[in-house]
Amino acid sequence: MIWIKRMALVLSVLLVMVFVLLWWALNSYSPLPVDAAWQQLPEVGSAEPRLSVRFTGTTTLLISDGETDWMIDGWFSRPGPLQLAFGKIAPEMDAITFGLAANEVDALAAVIPMHSHYDHAMDAPEVAARTGALLIGSAATANIGRGWGLPEAQIRLFEDREPVVLGDFRITPIESRHFEFPDPGLRERALGNPDITQPLLPPVSAFDYRVGKAYVLHVTHPAGTFVVVGSAGFVAGALEGYQADTIFLGLGGLGSQSERYREDYWRETVVASGAARIIPVHMDSLTGPIEGPFLGSARVMSFMGGDAGLTQAFINDKLSRNPDLRLRTLPRYREVVLYP
Ligand SMILES: [Zn+2]
């Protein structure tokens, strides 16, 4: 009888340990791959911008020249890890209200998801509905818009390398590749079968937001020219002829990749665009709060993604070898000067 009691005790202790570990993995976050020495872009007020940017996190960016405001992604919902893995997700209306207010915006010319995964495209139709924006993207993004009831007149399809003009902005989508997950199972789940062929009616599984097409955006404006790489993937040679002075560079997952992949990515984005100024994006948590300081990935996500935390060391090595490069970070929500 004593051994049964002992077994029960051991089992309960084990169970408690598993729960504590699980709670920790779900509710604590890896460090953000951002060096404290990296400087922020100056805030509006210290200089008057011709072109400004506000950053929500991931790749949600509000770009404005004072005449024309447009947004990349417009993603504010933050479903948790368990909901992503086992549940269904849908745009969170309160988070969208909060996000638009924090960005101090109520009218937009366009909202442009970098690809159609939930963390880029899920909220875009609601943002378009509230701001009068065009939703512009792939056929998959269009079907996310239709599923949300966005009128056809507010949906526009990108054609590869066909510029879209918004005021003084000329935005060229360049078809590229999504970040390649090193894990074959996750890669197939997230990137296999890429199309959304029917209007998508949430709530649905996070994995129902198929990738669609992953774009790099090349943006020209009289104030300056920049490139936005929303996902750490690339197509060799794709940026030939698309030079820029600034690159918004997606860093998410880079630390889980091989040294070779990181080197190729750097060459096909930073080097290929000729940009001298790098602004890192998409390195913060997908599940952390929509307000407050940026957090790194939830431990459970870093663990599943196999992230060895090599991103920051890689970037610092590149910066030390290329003294002409400048790296500037973005604060959360505050308006900063992209071009004075
Ligand atoms: Zn994605």
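To start, this report covers the structure provided alongside it. Worth saying up front: this structure is predicted, and the values here are computed from it rather than measured.

Some details on helix H3 (residues 93-102)
Those residues of H3 not exposed but buried are Ala 95, Ile 96, Gly 99, Leu 100 and Ala 102. Here the buried residues of H3 occupy an arc of 160° about the axis, which is enough to place them on one side. Those residues of H3 that are exposed and aimed more than 90 degrees away from the buried face are Asp 94 and Ala 101. Remark: Glu 104 follows H3 within two positions and exhibits a positive phi of approximately 50°.

A look at a nonpolar patch on the surface
A contiguous nonpolar surface patch, about 580 Å² in accessible area, is contributed by Leu 9, Val 10, Leu 11, Val 13, Leu 14 and Met 17. Tracing the sequence through the fold places Val 13 in helix H1 (residues 2-27).

Some points on unusual backbone geometry
The omega torsion across Pro 202 and Pro 203 is 10°, close enough to zero to call that bond cis. In this fold, Pro 203 is placed in the loop between helix H7 (184-191) and strand E10 (214-221). Of note in the backbone geometry, Asn 193 takes a positive phi value of approximately 50° without being a glycine. Its location among the elements puts Asn 193 in the loop between H7 and E10. For His 282, which is not a glycine, the phi torsion comes out positive at approximately 55°.

Some remarks on the sheet that holds strand E14 (residues 326-329)
The eight strands lie next to each other as E1-E14-E13-E12-E11-E10-E9-E8, forming an open sheet whose pairing is mixed. Taken across any chain shown, the strands that pair with only one partner, and hence form the sheet edges, are strand E1 (39-40) and strand E8 (164-166). Both E10 and strand E11 (residues 224-229) contribute to a ladder of six bridges, which runs antiparallel. The partner of His 221 across the bridge, within E11, is Gly 224. Of the strands in this sheet, E11, strand E12 (246-250) and strand E13 (277-281) touch helix H8 (residues 259-273), which is tilted by about 160° from E12.

Concerning the sheet that holds strand E2 (residues 51-57)
Strand order in the open sheet formed by seven strands is E7-E6-E5-E4-E3-E2-E15, and the pairing between neighbours is mixed. Lying at the two open borders of the sheet, with one neighbouring strand each, are strand E7 (155-157) and strand E15 (336-339). Across the sheet, the mean angle from the axis of one strand to that of its neighbour is 25°, orientation sign disregarded. Here three bridges tie strand E6 (residues 134-137) to E7, and the two strands are oriented parallel to one another. From the neighbouring strand, Leu 135 faces E7, where its bridge partner is Ile 155. Here helix H6 (residues 139-147) sits on the sheet in contact with E6 and E7, set at roughly 170° to E7.

Here is what the cut-offs are and how they apply
Residues numbered from 1 in each chain as written. Predicted model: local features only at pLDDT ≥ 70, side-chain atom pairs only at ≥ 80, totals over all residues. Heavy atoms only, no water. Buried < 20%, exposed > 50% of the residue type's maximum accessible area, 1.4 Å probe, protein only. Helix = DSSP H or I, 4+ residues; strand = E, 2+ residues; numbered from the N terminus. Arc of directions from axis to C-beta. Patch = residues over 30% accessible without salt bridge, like charges linked within 9 Å, V, L, I, M, F, W, Y side chains within 5 Å. Areas by Shrake-Rupley, 256 points an atom, 1.4 Å probe, with all protein chains shown as cover. Salt bridge = Lys/Arg side-chain N within 4 Å of Asp/Glu carboxyl O. Pairing = 2+ DSSP bridges. Contact = heavy atoms within 4.5 Å. Axes fitted to C-alpha atoms, helices over the stretch in contact; angles between N-to-C directions.

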